[in-house]
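The primary structure of each chain is shown beneath.
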Amino acid sequence: MRKEHTLSIIKPDAVSKNIIGAIINRFEISGLVVVSVQMLQLTWKQASEFYYVHRNKFFFNDLIQFMTSGLIFIQILEGDCAIQRNREIIGATNPSDALSGTIRADYGENYTRNAIHGSDSKSSAQFEISYFFDK
């Protein structure tokens, strides 16, 4: 096993439903450790920079509008194979495709309002962590 870090963002829909603790609990019981957190409301500029990889996709403006609509809870998770484990816990991007018992299946509404963001690779985890957290 290899210990690594990944980024997780509890999105505005889940924050407004007051399920931050329930989501964190899923990571903790799965062996991931929360090592740093912050809560903030993204500006349009911050959200656009963070999600720049999606800038040419049809859903980009809706995603940015949603991600700036309320508070988000950002966390760094640590553990063995944290990136892969995080992705297993959160489930497929579209909640209707997510496996039963995953965060997105249980709390997500649609492709954008899917409760949570998680880094999908080592390079994206490094970029995303450095975007929100100082070393």
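One can find the structure itself at the top, above this paragraph.
Throughout what follows, the structure given in this document is the object of discussion. (Residues numbered from 1 in each chain as written. Predicted model: local features only at pLDDT ≥ 70, side-chain atom pairs only at ≥ 80, totals over all residues. Heavy atoms only, no water.)

1. Some details on the overall build of the protein
Turning to step 1, where the next piece is worked out: Looking only at helices and strands, the protein has 7 helices and 4 strands in total.
Turning to step 2, where the next piece is worked out: For the protein, the N- to C-terminal ordering of α and β elements is β-α-α-β-α-α-β-α-α-β-α.
Turning to step 3, where the next piece is worked out: Relative to a compact globule of 135 residues, whose C-alpha radius of gyration would be 14 Å, the protein shows 14 Å and is just as compact.
Turning to step 4, where the next piece is worked out: Across its three principal directions, the C-alpha atoms of the protein cover 40 × 35 × 25 Å.
Turning to step 5, where the next piece is worked out: A total of 135 residues make up the protein; the buried ones form 48% of that total.
Turning to step 6, where the next piece is worked out: For the protein, the share of sequence-separated contacts (at least 6 apart) that also reach a separation of at least 24 residues comes to 75%.
Turning to step 7, where the next piece is worked out: Charge-centre separation for the protein: the mean point of 14 positive side chains lies 3 Å from the mean point of 14 negative side chains. (Helix = DSSP H or I, 4+ residues; strand = E, 2+ residues; numbered from the N terminus. Rg over C-alpha atoms; globule rule 2.2 N^0.38 Å. Buried < 20%, exposed > 50% of the residue type's maximum accessible area, 1.4 Å probe, protein only. Contact = heavy atoms within 4.5 Å. Lys, Arg positive; Asp, Glu negative; His and termini not counted. Charge placed at Lys NZ, Arg CZ, Asp CG, Glu CD.)

2. Digging into the environment of Asn 110
Turning to step 1, where the next piece is worked out: In this structure, Asn 110 sits in the loop between α6 (103-107) and β4 (116-118).
Turning to step 2, where the next piece is worked out: In this structure the C-alpha to C-alpha distance between Asn 110 and Pro 95, which are 15 residues apart in sequence, comes to 5.9 Å.
Turning to step 3, where the next piece is worked out: Leave out the neighbours within four places in its chain, and Asn 110 touches Thr 93 and Pro 95.
Turning to step 4, where the next piece is worked out: Only 3.0 Å separates the side chain of Asn 110 from the backbone nitrogen of Thr 112, close enough to count as a polar contact.
Turning to step 5, where the next piece is worked out: Within the local environment of Asn 110, its side chain forms a polar contact with the backbone nitrogen of Arg 113, the two atoms lying 2.7 Å apart. (Polar contact = N/O pair within 3.5 Å; in protein donor to acceptor, adjacent residues only side chain to side chain.)

3. What about the pattern of salt bridges?
Turning to step 1, where the next piece is worked out: Within this structure, the stated rule accounts for 4 salt bridges.
Turning to step 2, where the next piece is worked out: Linking Arg 26 and Asp 106 is a salt bridge whose minimum nitrogen-to-oxygen distance equals 2.7 Å. Placement of the pair is Arg 26 in helix α2 (residues 20-29) and Asp 106 in helix α6, with a sequence separation of 80 residues.
Turning to step 3, where the next piece is worked out: Assessed through its relative accessible area of 18%, Arg 26 is described here as buried. (Salt bridge = Lys/Arg side-chain N within 4 Å of Asp/Glu carboxyl O.)

4. Let's talk about the sheet that holds strand β2 (residues 33-40)
Turning to step 1, where the next piece is worked out: The 4 strands lie next to each other as β2-β3-β1-β4, forming an open sheet whose pairing is antiparallel. One side of each edge strand has no neighbouring strand; the edge strands of this open sheet are β2 and β4. The sheet shows a mean angle of 20° between the axes of neighbouring strands, taken without regard to direction.
Turning to step 2, where the next piece is worked out: In the sheet, β2 pairs with strand β3 (residues 72-80) via 7 bridges, with the strands oriented antiparallel. Across the sheet, residue Leu 40 finds its bridge partner in β3, namely Ile 72. (Pairing = 2+ DSSP bridges. Axes fitted to C-alpha atoms, helices over the stretch in contact; angles between N-to-C directions.)

5. Some thoughts on the packing of aromatic side chains
Turning to step 1, where the next piece is worked out: Under the criterion given, the structure shown has 9 aromatic pairs.
Turning to step 2, where the next piece is worked out: Between Tyr 52 and Phe 127, the ring centres sit 5.6 Å apart and the planes meet at 75°, which makes this aromatic pair edge-to-face. Here Phe 127 lies in helix α7 (residues 122-132) and Tyr 52 lies in the loop between α3 (44-50) and α4 (60-67), a separation of 75 residues in the sequence.
Turning to step 3, where the next piece is worked out: The exposure class assigned to Tyr 52 is partly exposed, which follows from its relative accessible area of 38%.
Turning to step 4, where the next piece is worked out: When the ring of Tyr 131 is compared with that of Phe 132, the centres are 5.0 Å apart and the planes differ by 80°; the resulting orientation is edge-to-face.
Turning to step 5, where the next piece is worked out: Through a chain of ring-to-ring contacts, three or more aromatic side chains come together here, namely Phe 50, Tyr 51, Tyr 52, Phe 127, Tyr 131 and Phe 132. (Phe/Tyr/Trp six-rings, centres within 6.5 Å; stacked < 30°, edge-to-face > 60°.)

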